[in-house]
Amino acid sequence: MTAASCLLTEDQFLCSICLDVFTDPVSTPCGHNFCKTCITQHWDKNVPCQCPNCKKTFNTRPKLQVNTFISEMAAQFRQSAQQKASSSRSEQHVSKPGEVPCDICTGTKLKALKFCLVCLVSYCETHLEPHLTRSGLKRHQLIDPVENLEDRMCTKHDKLLELFCKTDQMCVCMLCSISDHKTHDVVPLKEEYEGKRAEMGKTDAEIQQMIQKRRLKIEEMKRSVELSKKDADREIAAGVQVFSALKESVERSQAELIDTIKEKQRETEKQAEGFIKELEQEISELKKRSSEVEQLSQSEDHLHLLQSFPSLNAAPPTKDWTGVRIHPPSYEGTVRRIVNQLEETLSKQMKEAELKRVQQYAVDVTLDPDTANPNLILSDDGKQVEHGDVKKDLPDNPERCNPSICVLAKQSFSSGRFYYEVQVKEKTMWTLGVATESINRKGDITLNPQDGYWTICLKNENEYRAHAGPSVRLSLKCQPEKVGVFVDYEEGLVSFYDVDSAALIYSFTGCCSTQKLYPYFGPGLNDGGKNSAPLIISPVNHTE
């Protein structure tokens, strides 16, 4: 018997139902062998009687007798397998609490390595071998071991949940698909699993993008704080220079100035710290969700993924940071408000300090010939403009201002601060300021903030006005020969200065715009030669 068994393989003595060595083997009329208990229970559940291997159907239930020859051979193999299992158990892991045990092991249960979705059995390394070597069993789908098999069974039909109803978004068994879900869109569990897994990959990519945006927002805020700090330092230095030569009263004003500026800086830093902390918290939550999504997406457990998908598919609620900005505080008028408490002799120093502050933001500005009215004459270097007597034949492109007698600069500004100076000496009419990109450049226009213009003008030789909608008449002690224009984009501030006297002419506040701003120049009509002097963009000579 032992010699004969050596000519046969162990696979020939495994029951295809329990996948273990035969116990009381019986033969069906079609010639296939099974454990007596296995085939009996199989036929008890499935009517009519059918061979599990060849699917041959028997009209009457066959009488089964134990095949003594195969039984003896199986006993030999069982003894050999037990010896082999006994020697290998010391090398394998015994199932511990919380671990899924092998369903086939008798006595000491080993830790299961895989669960077969076809056999509905968990296998240790030894008992898993037939699934890895036998051609018929290789087609069975294996997943990581599961503890609660009942969670994978249909509560209504006690069948394996192996389909997914897309209509009702739930897992169903085969019988459900031909009864309650007969007209629904039902697909194999694996197909829906792959689809949901792909969606989770997309969700994770979106989460990663959200994380990156928040990291960039943190960097943006840190840069804003750094710029704010530099501005604060610059303001402190300017204030110290103004008050350094004064006595006790001036020193008190100096301390007040420094405290005011530092308080604004502290408020800015505190605001940024709050935003950054909130962003970092969101990143932490998003990372946690990303980790959960990644872990779930790598799972081979179809049901677990589908059941967990609704709660993990969407990113956790987060704040929309698109419009959140750290606006560096403006120190416009800080020095002036403090020194107004001092004697009149300090007034000039205050004005000079103010002008020097805005002059630090000087930019190089040149005129754009594509926007110039056909009656205007521009210098070759783009620094001068005057009104001519002859209208030039120029293409009426969309950028050109016509019939409005003006020209815009080539440069535009959509953030930060900028300053430039224009000579208006010997002119009887002029208009200066800034305008938004979307201003009406054709037909009649009205210069006011509602239409995108922040300008002041000279008309009738000595009448100065700010086009504030309605216009405001300005009272100036002397006619300026050079006008400085300063813009703080984030603060919504547009200010005009008499450069020679360092006096503030006028300020527009609350200039809210999300568009690009362009310097605006209107030299006025020639007026028979009375207003022939050009507007000249001048280099900035910083106030000493």
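Below: a short report on this structure. Because the structure is predicted, anything quoted here is derived from the model rather than measured.

### So, the environment of Arg78
Note that Arg78 resides in helix H3 (residues 68–89). You can call Arg78 partly exposed: its relative accessible area is 25%. When the C-alpha atoms of Arg78 and Thr23 are compared, they prove to be 9.2 Å apart, with 55 residues separating the residues in sequence. Discounting residues that sit within four places of it in the chain, Arg78 has contacts with Val21, Phe22 and Thr23.

### Comments concerning helix H2 (residues 36–45)
Among the residues of H2, Cys38, Ile39 and Trp43 are the ones counted as buried. Summarising the axial view, the buried residues of H2 lie within an arc of 120 degrees, below the 170-degree limit, and thus occupy one face. For H2, exposure combined with an orientation more than 90 degrees from the buried face picks out Thr37 and Lys45. As for H2, its buried residues are in contact with strand S1 (25–27), strand S2 (33–35), strand S3 (49–50) and strand S4 (57–58).

### Describing the nonpolar core
Core analysis: the largest hydrophobic core is formed by 36 residues, its most contacted members being Trp430, Ile456, Phe508 and Phe521. The contacts of Phe508, once residues within four sequence positions are left out, are Pro449, Trp454, Thr455, Ile456, Ala466, His467, Ala468, Gly492, Leu493, Val494 and Phe496. Core analysis: the second largest hydrophobic core is formed by 20 residues, Cys154, Val172, Val187 and Leu303 among them.

### Quick notes on the pattern of salt bridges
For the structure shown, the criterion picks out 19 salt bridges. Across the salt bridge formed by Glu220 and Lys217, the nearest N and O atoms sit 3.6 Å from each other. Of this pair, Glu220 and Lys217 both sit in helix H7 (residues 189–243), three residues apart, which is roughly one turn of the helix. Lys217 sits in the buried class, given a relative accessible area of 9%. When the shortest N-O distance is used, the salt bridge between Asp233 and Lys229 registers 3.5 Å. A residue pair is termed a helical-turn pair when its members lie 3 or 4 positions apart in one helix, as Asp233 and Lys229 do in helix H7 at four residues. Since its relative accessible area comes to 39%, Asp233 is described here as partly exposed. When its relative accessible area of 38% is taken as the criterion, Lys229 is described as partly exposed.

### Things to note about the packing of aromatic side chains
Any aromatic ring pair is given by two values, namely how distant the centres are and how the planes are angled relative to each other. Enumeration over the complete set of coordinates arrives at nine aromatic pairs. Each ring, one from Tyr361 and one from Phe486, has its centre 5.9 Å from the other, and the planes form 45 degrees; the classification is tilted. In this pair, Tyr361 sits in the loop between helix H11 (347–359) and strand S11 (376–378) while Phe486 sits in strand S19 (residues 482–488), placing the two residues 125 residues apart along the sequence. Since its relative accessible area comes to 12%, Tyr361 is described here as buried. Classification of Phe486 as buried rests on a relative accessible area of 1%. Connected via pairs of aromatic rings, a cluster forms that spans Phe496, Tyr506 and Phe508. Above the ring of Phe309, the side-chain terminus of Lys196 is found at 5.3 Å from the ring centroid. The ring of Trp321 carries the charged tip of Lys319 above its face, separated from the ring centre by 4.6 Å.

### Considering the sheet that holds strand S15 (residues 430–436)
The antiparallel open sheet is built from six strands, whose spatial order is S13-S22-S15-S16-S17-S18. Where the open sheet ends on each side, the last strands, each with one partner, are strand S13 (407–408) and strand S18 (472–474). Bridge count for S13 against strand S22 (residues 517–522) is two bridges, and the pairing is antiparallel. When the bridges of S22 are listed, Val407 appears paired with Phe521.

### Thoughts on the side chain of Asn448
Structurally, the position occupied by Asn448 is in the loop between S15 and strand S16 (453–459). Judged by its relative accessible area of 11%, Asn448 is buried. Looking at Asn448, its side chain comes within polar contact range of the main-chain nitrogen of Gln450, at 3.0 Å. Apart from residues no more than four positions distant in its own chain, Asn448 is found in contact with Tyr453, His467 and Gly469.

### Here's the deal with the environment of Glu147
Take Glu147: it is sitting in the loop between strand S7 (142–143) and strand S8 (163–165). By relative accessible area, which is 59% here, Glu147 ends up exposed. A sequence separation of 48 residues divides Glu147 from Glu99, and the C-alpha atoms of the two residues are 7.9 Å apart. Setting aside chain neighbours within four positions, we find Glu147 in contact with Gly98 and Val100.

Reading the values: the criteria
Residues numbered from 1 in each chain as written. Predicted model: local features only at pLDDT ≥ 70, side-chain atom pairs only at ≥ 80, totals over all residues. Heavy atoms only, no water. Helix = DSSP H or I, 4+ residues; strand = E, 2+ residues; numbered from the N terminus. Buried < 20%, exposed > 50% of the residue type's maximum accessible area, 1.4 Å probe, protein only. Contact = heavy atoms within 4.5 Å. Arc of directions from axis to C-beta. Core = buried A, V, L, I, M, F, W, Y, C linked by side-chain atoms within 4.5 Å. Salt bridge = Lys/Arg side-chain N within 4 Å of Asp/Glu carboxyl O. Phe/Tyr/Trp six-rings, centres within 6.5 Å; stacked < 30°, edge-to-face > 60°. Lys NZ or Arg CZ within 6 Å of the ring centre and 35° of its normal. Pairing = 2+ DSSP bridges. Polar contact = N/O pair within 3.5 Å; in protein donor to acceptor, adjacent residues only side chain to side chain.

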